[in-house]
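Structure at a glance
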Amino acid sequence: MSVLEKTPPTAQPRPAPAREPRITDEHGRRVRVWELALRYLLLLGVLALTIGPFLWQLSTSLKGPTEDIFSSPPKFLPSDPTLHNYERVADTIPVWDYALNSLKVAAANVVTNCVGAALAGYALARLRYRGRRVATLVFILAMLVPVEGIIIAQFTTMRELGLNNTLVGVVLPGCVSALNVLLMRNAFLNLPYEIEEAAYVDGANVWQRFCRIALPSVKGTLAVVAIFAFMGAWDDFLWPLIVLSDPSKFTLTIGLNYLHGTFANDERLVAAGTIIAVAPLIALFACLQRYFFRGVGEGAVKG
Amino acid sequence: MASPTVPGARRVRRQLPSSPWLFAAPGLLITGAFILYPFVSTLVNSFTDRRTLVPGEYVGLDNFRELLHDDMFWTGLRNSTLYVLGVVPALVLLPLLLALLVQKNIPGITFFRSAFYTPVVASIVVVGLIWVWLLDERGLVNSLLETLGASPVGFLSDQWLILLSAMTVTVWKGLGYYMIIYLAALANVPRELHEAAAVDGAGAVRRFLTVTVPAVRSTMVLVAALSSVAAFKVFSEVYLMAGPSGGPAGEDTTLVMLVQRTGTGLTGRVGYASAISVVVFVVTVALMLLVLRADRKEES
Amino acid sequence: MPTSRRTFAVAAVAALVLPLSACGSGGDGAGPADASGKVEGDITFQTWNLRANFKPYFEGLIADFEKKYPGTEVKWVDQPGEGYADKISADAAGGTLPDVVNVSPDLVAPLAKAGLALDLDKAAGQYEKEYLEGAWASHRIPGMDGTYAFPWYLNTGPLFYNKSLFDKAGLDPEQPPRTYDEVFDAALRIAEKTGGDTATLANVPTIEDFGRYGVPLMNEEGTAFTFNDAKGVQLLTRYKELYEAKALDSQALTATPESSGKKFLTGAVAMNPGSALDLANFKKQAPNLYKNIGITDQITSTGHVNMYVMGLMVNAQSRRTPAAVAFAHFVTDAAHQMSFAKQVAIFPSTAGSLDDPYFTKEDGTDETRVRVAAAKSLKGAVNYTPVLFSEQMKTELRNEVAKALQGKQSPQEALDNAVKACDRLLQQQG
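Residues numbered from 1 in each chain as written. Chains lettered and ligands numbered in written order. Predicted model: local features only at pLDDT ≥ 70, side-chain atom pairs only at ≥ 80, totals over all residues.

Applicable threshold: UniProt positions are given in the numbering used here, feature names are shortened, and annotations may be inferred rather than shown by experiment.
The name given to chain B in an unreviewed UniProt entry is ABC transporter permease, with Streptomyces parvulus as the source organism. Under the UniProt heading Sequence similarities (unreviewed entry), the note attached to chain B is "Belongs to the binding-protein-dependent transport system permease family." In the Subcellular location (unreviewed entry) part of its UniProt record, chain B is described as follows: "Cell membrane".

Going by what an unreviewed UniProt entry lists, chain A is known as ABC transporter permease and is assigned to Streptomyces parvulus. Recorded in UniProt for chain A, the comment headed Subcellular location (unreviewed entry) runs: "Cell membrane". The UniProt entry for chain A carries the following text under Sequence similarities (unreviewed entry): "Belongs to the binding-protein-dependent transport system permease family."

A word on the environment of Arg238 of chain C
Residues and elements named next belong to chain C. Selection criterion: Here a strand is any run of E in DSSP of at least two residues, a helix any run of H or I of at least four, and the numbering for each starts at the N terminus. The burial criterion counts other C-beta atoms lying within 10 Å of a residue's C-beta, which is placed from the backbone; the residue is buried at 20 or more, exposed at 12 or fewer, and partly exposed between these limits.
Examined against the element boundaries, Arg238 turns out to sit in helix H9 (residues 230-244). On the basis of neighbour count, Arg238 is assigned to the buried category, with 20 C-beta atoms found within 10 Å. With 58 residues separating them along the chain, Arg238 and Tyr180 place their C-alpha atoms 9.8 Å apart.

Considerations on the packing of helix H4 (residues 132-144) of chain A against helix H1 (residues 19-45) of chain B
So the rule is basically this: Axes here refer to lines fitted to C-alpha atoms; in helices the fit is confined to the stretch in contact. Angles between the N-to-C directions go from 0 to 180 degrees. Each angle is binned into one of four classes, with values under 35 degrees roughly parallel, values over 145 roughly antiparallel, values of 65 to 115 roughly perpendicular, and all other values oblique. Crossing handedness is read from the near helix: turned anticlockwise from the far helix by less than a right angle, it gives a left-handed crossing, and turned clockwise, a right-handed one. Whether two residues are in contact depends on their C-beta atoms, placed from the backbone: they are in contact if these lie within 7 Å.
Put simply, H4 of chain A and H1 of chain B touch, their axes get as near as 10 Å, and they point 40° apart. Accordingly, the angle class assigned to the pair H4 of chain A and H1 of chain B is oblique. Handedness of the crossing formed by H4 of chain A with H1 of chain B: left-handed. For the pair formed by H4 of chain A and H1 of chain B, the contact residues are Ala135, Val138, Phe139 and Ala142 of chain A on the first element and Ala24, Leu28, Thr31, Ile35 and Leu36 of chain B on the second.

Overview of the interface of chain A and chain B
Heads up, the rule is: Polarity classes work like this: nonpolar for Ala, Val, Leu, Ile, Met, Phe, Trp, Tyr, Cys and Pro, charged for Asp, Glu, Lys and Arg, and polar for all others, with Gly in that last group.
Across the boundary between the two partners, chain A contributes 82 residues, which contact 86 residues of chain B. Looking at the side of chain A that touches chain B, the elements that each hand over two or more residues are helix H1 (33-61), helix H3 (95-126), H4, helix H5 (151-160), helix H7 (178-189), helix H8 (193-201), helix H10 (219-235) and helix H13 (267-297) of chain A. Counting residues per element, the side of chain A that touches chain B draws most heavily on H1 of chain A, at 12 residues. Classifying every residue of the side of chain A that touches chain B by side-chain character gives 58 nonpolar, 15 polar and nine charged.

Points about the pairing of strand S4 (residues 150-155) of chain C
All names here are of chain C. Short version of the rule: Two strands form a pair only when DSSP identifies at least two bridges running between them.
Summarising burial for S4: six of the six residues are buried, a large majority. Inspection of the sheet shows S4 paired to strand S8 (residues 308-314) by four bridges, in the antiparallel sense. When the sheet's bridge partners are listed, Pro151 is paired in S8 with Gly311.

Here it is as structure tokens:
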């Protein structure tokens, strides 16, 4: 831990001054000052560990062409920060087109996963029918299949459907992921039955109960599923590469791979590329995190 | 997966006879067509000597017999098993502690929570590239060690250190993910329990052991199940740290890496690689059952 | 973990759905190989990671072709560097291979065996004399008749060394080693003088190194490997000596060409093989190193340097064979290879092109010096890596070599094992 404490605390957003009596825990009790200090110290330590590596990459991407990025000892701050590398990424590859394709794929993946997983999760958790256990088992087994082994078979199926080289083909295999179905199932299982019962007495049918009562109560889990789905589609490399042939349809992850040139590698360019790939996800998460953590608070992901 | 009983279920029954299947249909269809059906063909292939561009013939159990005599298979099995043993305890415990750390609503806490989740969001390739560069002999970690007076460590040249480095990356990337799962569980721990324990004069450690752990026990089981399956199927982290040939003399090869190495490319031995895939699948099913069984036993 | 699908999961092929529709004829040679018809129709042309830097060049090239042959339309797709073999595998298995495909010799061999590559001796034999003999031959496959791709660009290069590291070890930076023995001696010296801090080489020997050292790699029929002879054992024994003295980098056992290049950039190793392309890279990435860069000839015991060959294969199942052959020839003809060579520091594989003043006249800059020297050496260059040497075989060799370096087995045992494993894989490929 001694390494971590070296991080200059000034680099972090300043925690509100600990004017003591104000600070309370989640149960409204006061927190002691030394305990608070210890907490922040630990938090800063973990912070350095989790985002440090990204900051290092960011710093490399901001270093100009005259700066030796392989110098030893390494320099943390660019001596003359420049956005030039980002411009060069945009000049080298049509980064906006690729980002747009990624966005389409990721957005579609979010919608299909939220809808498909919610429906299936509801069926597994709430509806009574023969074969329910089998259906649950299907999803559990699907989660255990090593995907590394089946990708060509997936491609062959896609070609038979005539969907190779389309963005639909990119989305389809992961559009209702087993893990998300199981997450939704658990969320529905944790809802008290009584609320649905009241609706039942009022004469609501299964579809109405699902839409009006069950679904709104698991908004948080939906946010979790949405983030997972977006992330998964955005980060995926091999599947889109195999399905797509036409460069105009490439997603960002594939496109950024062009930065690893055949003839020369430029670390700064690659670093700028990774930042471009990660930044939207971080932004998205920052926007959604309120729902996300609320969803988590619902007890959605609980076992 | 733990499946609580549904006491009110029998009373809520107004549904069309077909609707459960309608609800489950999209999920089942996709999973069946794009995950299970391809896996069935993997099963079929495991009994053939199929290669990437040669259809191959039925060879019975030959592939499985060959596995028994393949040193690399045993190396893979050893490493994948070690990975489970190394990673799972850390991923069950550390995220729980982290969740406790960020649970209190102190100023700035949402920033910290989000920041801790960043590694989960970034793609594994990006993460791998960054870490390889950090752990290089002349990378950041080693130059920090040197300024502290220690001699540089060959994180990426020793077979065991490579495995350990890969485990570190897995844990690092998984921390935020499981932290979230624990936060969910912790939100449901009634505060009265803590207060009662505090009144009894229990210290932080004892409260953790007597209140927190029992309250989130089922979540710990879930985390153990998810992380052990993922750990046994580990590929990317080790591939990136150890290189495509699996570390010095291939000693860091994991089972899924072996699937990839033997089965891919234009000269891949698809049949043999499929046999390894089948073994991986069987072991993960067994792992899952084992974790759930342990859970049930403890419960009773 | 929330991984949807492992991004890097290059894992592909483990499960082709039966039946494998694509590989129709499977086995021997040419399909409907008639290139004599009218050049017309739509074709697809796939390159390997060239779009980012050479987009205008290829767009111009295609426009010229379409103008020359009215009624043709070429669709150009470029694939990124990562996962290329997987992409081609999926397309080959799924029957979606483009008409003209950028390949390296090791990719051609399995495609030709599956009947997916057009035999150019039959379909386009008249063009053979336009190319360097060695380049044309690099797409022949032992055990099969025919040539299965047009040779395209070539590359080779010198050995770079870090003058300041040589200086520190008391070696004359202006007198670089010229033979294998001199390299090994210099490496041991540097390791000794720096107390093991500075390694000279960063890579374990690959099949190409054995070839350059003068080890016979395969028997003449191409049915068995032979690199476990006395000479092979000698090379590996020297490497073991280097490894023990830390003259071979301690991360060499896990190194990739990329990682060892980086080591050279950071000044962690003293020598690195490279090409004319690298000079510009050094200048940009590590200005400090560039000031101290030394350049010497590629080391070889056979008198022939190693070269890398890129080729253009014509899909045997193309519905537009005449157009595909015409286009593949158009891209690789002397004029177009020459103009491509002026875009980037690679070398044309067409006969006579290397006598162009561009490749013979020095102008005092390092770039030109490297280019001229490389062009000269290319005339007798050999692609040492056997076309039948698959990725799986490379891994076998690499792992056995590593065990020898670690002292877990003797160099002789290591090479015997590697030969045995590679022979078995060769038979299974059959």
